[in-house]
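Overview (structure and organization)
Residues per chain, in single letters:
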Amino acid sequence: MKNKWVNGAMAMLLALSVLLAACSEAVPTPTPAPAATPLQTSPPKPASQAPTSQPPTSQPPPKPATQATAKPTAPPAPKPTSRALSKPAPAPKNEKVVVLAESFGLEGFLPSNDSMTAYKLLPVYEALWDVDPESRELRPMLAESLPEWSDDSKTLFINLRQGVQFHDGYGEMTAEDVKFTIEMAGRQGSVNPGAAVLAKAKVEILGPYKLAVHLPAPDWKWPLQNATMARFILPIVSKKHIEKLGEKEASRQLIGTGPFRFVKHEVGQTLEFEAVPNHWRITPDYKTLVIKLITEPATSISMLRTGEADIAAIPLSFVPEARAAGLDIRLQRNVGVIGVALGGLYLPSKDTFDPNVAWVQAKDPAKALKVRKALNLAVNRQEIIDKVLNGIGGTWPIMASPNNDASYDPAWKPYPYDPEQAKRLLAEAGYPNGFETTMVQFAATGHATREIAEAVATYWEKIGIKVKRLPMDQPTHRTRQIGRKNAGSAYPAYRNFSDEEAVNFDTAWGSKSTGMNFLFESAQLDAATAKAGSELNRDKRLALVREIHRDMYENYYTVPVSVEHMTMGVSKRIGEWPTLTGDPFVSSFENIKLK
């Protein structure tokens, strides 16, 4: 009897051990990462429409240690998620959503190519971190935790999610793919807007799912620059895929980890994607996403009205027509500030520098300043907002986003409208009869670029300036920007209100900028932005940014016009659709719910 009882107990223990072993192999639900600490900001309100969105934040790096160690020690990794798969999700509806876009960028969809416009259209890709649409706090995406830093704040440690699969059988995403992506985006010849920043990073693989990114100096903004927002500059790609097909072919057959897989790309016409069932992060509500290139707003409105399309950014000047057509108009507030940039404000060392441009005048900078001031005083901003932008906007003093009181002086008011003073300034600068210039005009999805360019050109003509219009597509303009070939030409430009201003310094201005919205460069600004970009103390950093903004304001480097709000026309099929506040792109396609 005793032996029988012992045998029974042994059997029960064996069964229990088998059960426990089975449980240990089960796929656990991913552990949510803690939310980042939000920045406490109070946006200034110098005009009728001031930014209301809070900047996205990451946990700030700790202060540098007194003595930096030769080789930073990685902090303990957070509890791994083991697998990235979510619970089974409902299958996507057998429905198609058609989105219209005005530009595909350079149509080069790899990290070494133009991404400011293109990647926002590509739900095939994902980034290391994301931004919560409501709180605007940084949150993990392909990284499973928020950024972690070494004691000297020069090394960023990245812990990757395990189990995330590339499309079409290209295997699991690992540290090898992330290293490959960073190096591709930052290599010589890359036109990625973040190339100058990424080129400074030295990536070390610490394990299959862990990397160390070594930076030459503390750089608190690095994670924000590489998150999925207005600057989606680091879409993680498959090393295996690109090495197998070669970059040219791989750019035509896109492979990523996103909630949509690539189906086809017709150059200058269409991009098509298909939902990934039971995606690790989010399974789309519908099966097929088609993005069509349509450059004429009137055509977009017509296609929305007839049901041929579901979503399109509508230029503000076309809003009355869209409303008359019965379209559902949705407003994306405070996406940035729009105005006109003055081409040719380059370093004298650049091959394309022209010392004789009216607003440059290298031999007489004081006269050049008078020209730039005259170009600003000639523009009636409020009239443009009222008549061209249909009252949707608000005047703004600089082409930047001073979203914190400490980086902005309330005494800075939008430049006034004073055409008579503008004429006097031109005469004092040596141009009593004006001068000749060119206004580049191009379309940009979600921005009133063509309308602003034409309106400003018209005001300049009223003070005697002879303006030649030069229409071109956005990719051509982008190429001119990179090559610094806009000397003597003006062009529409926009700056985003997406986060703390210093995040954008490397792409907006500076001698190494490759950004779509490069505005100007100078040795003084190079030094000032580098100092602000590496300052870990936030109060000190904002004080430095304030002085940079002061320099911009007092020297009239650009012609700011209005705070921008993006208007989107949507069909009656589109229901709930949370988007990122301050994002000037039509994106977040995986969040669309159909009615």
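Residues numbered from 1 in each chain as written. Predicted model: local features only at pLDDT ≥ 70, side-chain atom pairs only at ≥ 80, totals over all residues. Heavy atoms only, no water.

A look at unusual backbone geometry
Its identity is not glycine, yet Asn390 carries a phi of approximately 55°, on the positive side. Along the chain, the position of Asn390 falls in the loop between helix H10 (381-388) and helix H11 (419-428). The exposure class of Asn390 is partly exposed, given its relative accessible area of 32%. Phi is positive for Tyr556, which is not a glycine, with a value near 50°. (Helix = DSSP H or I, 4+ residues; strand = E, 2+ residues; numbered from the N terminus. Buried < 20%, exposed > 50% of the residue type's maximum accessible area, 1.4 Å probe, protein only.)

Here we look at the nonpolar core
Grouped together as the largest cluster of nonpolar side chains are 124 residues, with contacts concentrated most on Trp222 and Trp460. Ranked by the residues each element gives to this core, the list is headed by helix H12 (residues 449-461), at seven residues. Excluding its chain neighbours within four sequence positions, the residues that come into contact with Trp222 are Trp129, Leu156, Ile182, Val197, Leu198, Ala201, Val213, Leu215 and Leu234. Listed in part, the 35 residues of the second largest apolar core include Tyr125, Ala250, Val570 and Ile574. (Core = buried A, V, L, I, M, F, W, Y, C linked by side-chain atoms within 4.5 Å. Contact = heavy atoms within 4.5 Å.)

Details of the packing of H10 against H12
Here H10 crosses H12 at 135°, and the two axes come no closer than 11 Å. As far as their axial angle goes, H12 and H10 are oblique. Judged by the sense of rotation from one axis to the other, the crossing of H10 with H12 is right-handed. Contacts between H10 and H12 involve Glu383, Ile384 and Val388 on the former and, on the latter, Glu451, Ile452, Ala455 and Tyr459. Among the residues making up the contact of H10 with H12, the classes are represented as five nonpolar, no polar and two charged. (Axes fitted to C-alpha atoms, helices over the stretch in contact; angles between N-to-C directions. Parallel < 35°, antiparallel > 145°, perpendicular 65-115°, else oblique. Left-handed = near helix turned anticlockwise from the far one by under 90°. Nonpolar A, V, L, I, M, F, W, Y, C, P; charged D, E, K, R; others polar.)

Structural notes on the sheet that holds strand S16 (residues 489-496)
Here ten strands make up an open sheet; going across it, the order is S9-S10-S11-S1-S12-S17-S13-S16-S14-S15 and the pairing mixed. Strands at the two margins of the open sheet, each flanked by one partner only, are strand S9 (260-266) and strand S15 (466-471). Averaged over neighbouring strand pairs, the angle between their axes works out to 25° when direction is ignored. Sheet topology note: the strand S14 (residues 436-441)/S16 ladder contains two bridges and is parallel. Each residue of the ladder has a partner; that of Met439, found in S16, is Ala490. This element, helix H7 (residues 297-306), spans strand S1 (93-101), strand S11 (286-293), strand S12 (311-314) and strand S17 (558-570) of the sheet and lies at about 145° to S12. Packing of helix H9 (residues 365-377) onto the sheet brings it into contact with strand S13 (328-342) and S17, and relative to S17 it is tilted by some 40°. (Pairing = 2+ DSSP bridges.)

Topic: the sheet that holds strand S5 (residues 155-159)
Strand-to-strand pairing in sheets goes through backbone hydrogen bonds, with the strands running parallel or antiparallel. The four strands lie next to each other as S4-S5-S7-S6, forming an open sheet whose pairing is antiparallel. Where the open sheet ends on each side, the last strands, each with one partner, are strand S4 (148-149) and strand S6 (202-207). Examined bridge by bridge, S6 and strand S7 (residues 210-214) share five bridges and lie antiparallel to one another. Bridge pairing in S7 places Ile205 opposite Leu211.

A short note on the packing of aromatic side chains
Applying the stated criterion across every chain, the model contains nine aromatic pairs. Their ring planes at 20° and their centres at 5.2 Å tell us that Tyr415 and Tyr553 sit as a pair that is stacked. Placement of the pair is Tyr415 in the loop between H10 and H11 and Tyr553 in helix H16 (residues 538-555), with a sequence separation of 138 residues. Taking relative accessible area as the criterion, Tyr553 reaches 16% and is therefore assigned buried. Members of the aromatic cluster, each reached through a chain of ring pairs, are Trp412, Tyr415, Tyr553 and Tyr556. Its end group placed over the ring of Trp220, Arg541 keeps NZ or CZ at 3.6 Å from the ring centre. (Phe/Tyr/Trp six-rings, centres within 6.5 Å; stacked < 30°, edge-to-face > 60°. Lys NZ or Arg CZ within 6 Å of the ring centre and 35° of its normal.)

Describing the pairing of S5
With five of five residues buried, S5 is to be regarded as a mostly interior element. Residues of S5 alternate between two faces, with Thr155, Phe157 and Asn159 on one and Leu156 and Ile158 on the opposite face, all of them buried. Examined bridge by bridge, S4 and S5 share two bridges and lie antiparallel to one another. In the sheet register, Glu148 faces S5, and the bridge partner there is Phe157. The hairpin turn running from S4 into S5, its antiparallel successor, is five residues long, and Ser153 in that turn takes a positive phi close to 60°. By the bridge criterion, five bridges tie S5 to S7 in an arrangement that is antiparallel. Within S7, the position partnered with Leu156 by the bridge is Val213.

Some thoughts on the pattern of salt bridges
Counted under the stated rule, the structure contains 26 salt bridges. Among the salt bridges present, the one from Asp310 reaches Arg573, with a minimum N-O distance of 2.9 Å. Residue Asp310 is found in the loop between H7 and S12, and its partner Arg573 is found in the segment after S17; the two are separated by 263 residues along the sequence. The exposure class assigned to Asp310 is buried, which follows from its relative accessible area of 3%. The exposure class assigned to Arg573 is partly exposed, which follows from its relative accessible area of 29%. One network of salt bridges, in which partners are shared, links Glu95, Asp310 and Arg573. (Salt bridge = Lys/Arg side-chain N within 4 Å of Asp/Glu carboxyl O.)

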